[in-house]
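Structural characterization, general
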Amino acid sequence: MASVEELLRDAALGRLGVDRRLIRGILESQDAEPAFDAVLRFAREPQDDHRIDIDPLLTDLLRHFQTYKALSPHALEFYIEFIRRSPDDVSDDLVQAILPFGAAAVDPLLKLYEELGEEQGADVAFLLAGLRVRDERVLAMLLDRLEFDTADGAFALGLYGDPAAREPLEKMLAEIPEEDAELRREVAHAIEQLDAPEPRYEPEPFDIFADYRERELPIFDVLPEAERLELLRSDDALVRAGAAHSFFNSELNVKSRAALLEVAKSDADALARGKAWESLADATEDAAVRDAMVAVLNDAARPIEERGGAAVGLYGVGDRDEVRRAIEALYAEGGPARVKALEAMWRSLWEPYAKFFPGHLEEKDPKLVKEALRGAGYFRLTRYADKIAAYFDREEPFDDLREDALFAYALAMPGETTRGRVRGMLRKIDSITPLSGFETQLVEFGLDERLRLHGLEPVFSAESGEEEVEPVAAAPPPEPAGKIGRNDPCPCGSGKKYKKCHGA
């Protein structure tokens, strides 16, 4: 059995998914005391070679041990270091991990606040206020924040609850103009909080498994090719399928092409074979590979996972008669076969396929609608823009389609496609449905893609000084991976960078 440190290292390198299975492996690998010490040892190690951020997992593990172990000052040291690394992103879980330390947390948090400064110290000030430990140094710091950022400082002082803050708060309230009603309300509310009964702190129950899925795949995007090729031989069929899919829309070298072809032809699992056929899309100029894919696609005895993978793998030659006939026959079968056929069609960007998409924009199956939205966008079916927009705010089971709809609408919305008009298009979409920061980036990318499809230079990515803007798209199958800080995939859903996909 792998040690705690080995499991954590594999997770930090992306070789293991961060899921309940990993957590159980850590908790069951040895007794609580040595397991706790092993997590601390790992937390102290340099992170220079880490490919993903597993500090949240380490925090959850240490917090789990705290529920039946005396509070460890070593764990507190790690929590402080975690805040130091990401002072603007202190999670509720980390706050709940620190609160039980009470007065013991005051000195290290005050030192950290002094180190970070007022600009970056807002979350640390909130934590110190939440501890509600009466300390002249904490009160002085919070009063300084009242001068630096009145709203933030007033909120923290109200939370802190020290009556000594009443006079400074009342003085601040008197100085705020009547027309600034919202700020006056915040300061007045803080004054009211000083009269509230002292709350009794009760640690929140903590279930370490609650926020984790039963299984996550390795983070293939961060793995070098050699490791992904090795995972093609995993005992786990889903891992083999995910590893095969990680090569999708990549430029294949001789070694990776041969390895994928072997999986496609001989793997025991239909999904793994299908994902390998998809990733061999880069090899369809080879007549032998192409003929093998067409044969698989036309073999009705094979599972749809395999046939559908072959269809998607053939998208680059989707205009060839034998491929077109096979994809349209797959479409005619309906159900999951139709979903894969539609994906192959829109990826091909071959205009005669555009006629297949409008009728599926009002389907009851979200998987069909997803492909219909992508096809309606990439084939620029402007007359159906209102049907696309209908998915901006839909209830279950269509609530996960908002991003697909936004991207498709950016491609297909009414209006002349020129570099001078795309800003107005962005404002128009934001007026129809207010966009978050990420959604704005997604729509900007969609509008740049619209320009590219018309043979024009992009606007928004050019402004950023980058080759391309790469917003998050739907996670690649077979299962979505955990979110990490890394380059995002092309919004078409290929799972690869745009420059290796539709921007090629």
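What comes next concerns the included structure. Values in this document were obtained by computation on a predicted structure and should not be read as measured data. (Residues numbered from 1 in each chain as written. Predicted model: local features only at pLDDT ≥ 70, side-chain atom pairs only at ≥ 80, totals over all residues. Heavy atoms only, no water.)

1. Examining the overall build of the protein
To keep it simple, the criterion reads: Each helix corresponds to a stretch of at least 4 residues labelled H or I by DSSP, and each strand to a stretch of at least 2 residues labelled E; elements are numbered beginning at the N terminus. A contact between two residues is defined here by any heavy atoms of the two lying within 4.5 Å. Only the protein chains shown count as covering a residue, and every accessible area follows the Shrake-Rupley method with a 1.4 Å probe.
The number of helices and strands found in the protein is 26 helices and zero strands. A principal-axis box enclosing the C-alpha atoms of the protein has dimensions of 80 × 60 × 40 Å. Partitioning the intrachain contacts of the protein with sequence separation of at least 6 by distance along the chain shows that 64% fall at a separation of at least 24. Accessible area for the protein stands at about 23,600 Å²; split by element, carbon and sulfur atoms hold 48% of it.

2. Regarding the nonpolar core
Soluble globular proteins tend to pack their nonpolar side chains together in the buried interior. Let me state the cut-off plainly: We define a nonpolar core as any set of buried Ala, Val, Leu, Ile, Met, Phe, Trp, Tyr and Cys residues linked to one another through side-chain atoms lying within 4.5 Å. Burial classification: accessible surface area is computed with a 1.4 Å probe over protein chains only, and a residue below 20% of its type maximum counts as buried, one above 50% as exposed, and the rest as partly exposed.
Among the nonpolar cores identified, the biggest contains 158 residues, and L8, Y79, L109 and L169 are the most heavily contacted of them. Residue contributions to this core peak at eight residues, all from helix α23 (residues 402-412).

3. Concerning the packing of aromatic side chains
Convention followed: Two aromatic rings from Phe, Tyr or Trp, using only the six-membered ring of Trp, form a pair when their centres are within 6.5 Å; if the ring planes differ by under 30 degrees the pair is stacked, by over 60 it is edge-to-face, and anything between is tilted. Consider the ring centre and the ring normal. A charge sits over the ring if Lys NZ or Arg CZ is within 6 Å of that centre and within 35 degrees of that normal.
A complete count under the given rule lists 15 aromatic pairs for this structure. For the pair F36 and F65, a centre-to-centre distance of 5.6 Å together with 85 degrees between the ring planes defines the contact as edge-to-face. You can see F36 sitting in helix α3 (residues 32-44) and its partner F65 sitting in helix α4 (residues 55-66), a full 29 residues away along the chain. Grouping residues by exposure puts F36 and F65 together as buried. Here the aromatic rings of F407 and F445 are separated by 6.1 Å at their centres, their planes lie at 20 degrees, and the arrangement is stacked. Of the two residues, F407 is situated in helix α23 and F445 in helix α25 (residues 437-453); the sequence distance between them amounts to 38 residues. No difference in accessibility class separates F407 from F445, as the two residues are buried. By way of ring pairs, the aromatic residues F78, Y79, F82 and F101 are connected into one cluster. Just above the ring of Y331 sits the side chain of R338; from NZ or CZ to the centre is 4.2 Å.

4. A closer look at helix α5 (residues 73-85)
For clarity, the cut-off: Here, expected helix span is obtained from the residue count minus one, scaled by 1.5 Å. N or O atoms closer than or at 3.5 Å make up a polar contact, with two conditions inside protein: a donor-capable atom paired with an acceptor-capable one, and, for residues adjacent in sequence, both atoms drawn from side chains.
Along its 13 residues, α5 runs 19 Å from first to last C-alpha, staying within 8% of the 18 Å computed at 1.5 Å per residue. Summarising the contacts, the buried residues of α5 are in contact with α3, α4, α6 (92-98), α7 (106-120) and α8 (122-131). Its side-chain oxygen placed 3.1 Å from the backbone nitrogen of H74, S72 serves as the N-cap of α5.

5. So, the pattern of salt bridges
Going by this rule: Each salt bridge in this description consists of a side-chain nitrogen of Lys or Arg and a carboxyl oxygen of Asp or Glu lying within 4 Å of one another.
Counted according to the given criterion, the structure contains 40 salt bridges. Between E278 and K340 there is a salt bridge, with its nearest N and O atoms 2.9 Å apart. In this pair, E278 is assigned in helix α16 (residues 270-279) and K340 in helix α20 (residues 335-348), connecting sequence segments 62 residues apart. K340 sits in the buried class, given a relative accessible area of 16%. The salt bridge partner of K387 is E362, with a shortest N-O separation of 3.2 Å. Residue K387 is located in helix α22 (residues 385-389), and its partner E362 is located in the loop between α20 and α21 (366-378); the two are separated by 25 residues in the primary sequence. A relative accessible area of 60% means that E362 is categorised as exposed. Salt bridges linked by common partners bring D55, E81, R84, R85 and E115 together as one network.

6. Considering the packing of helix α1 (residues 4-12) against helix α2 (residues 20-28)
We count it as follows: Lines fitted to the C-alpha atoms define the axes, with helices restricted to the stretch that makes contact. Angles between their N-to-C directions range from 0 to 180 degrees. Any angle that is under 35 degrees is reported as roughly parallel, and any over 145 degrees as roughly antiparallel; angles of 65 to 115 degrees are reported as roughly perpendicular and all others as oblique. For any pair of crossing helices, the crossing counts as left-handed if the nearer helix is rotated counterclockwise from the farther one by less than a right angle, and right-handed if it is rotated clockwise.
In the contact formed by α1 and α2, the axes pass within 9 Å of each other and the chain directions differ by 160 degrees. Comparing the axis directions of α1 and α2 gives the class roughly antiparallel. You can see that α1 and α2 cross each other, and the crossing is left-handed. When α1 is examined against α2, the residues V4, L7, L8 and A11 are found in contact with a partner set consisting of L22, G25 and I26.

7. A closer look at unusual backbone geometry
The amide bond that connects E396 to the next residue, P397, takes the cis arrangement and shows omega of 5 degrees. Considering the arrangement of structural elements, one finds P397 in the loop between α22 and α23. Look at N249: it is not a glycine, yet its phi comes out positive at around 60 degrees. Using a relative accessible area of 9% as the deciding quantity, one classes N249 as buried. In this model, L349 sits at a positive phi of 60 degrees, which is unusual for a non-glycine residue. Following the sequence through the fold, L349 ends up in the loop between α20 and α21. Accessibility expressed as a relative area gives 30% for L349, which makes it partly exposed.

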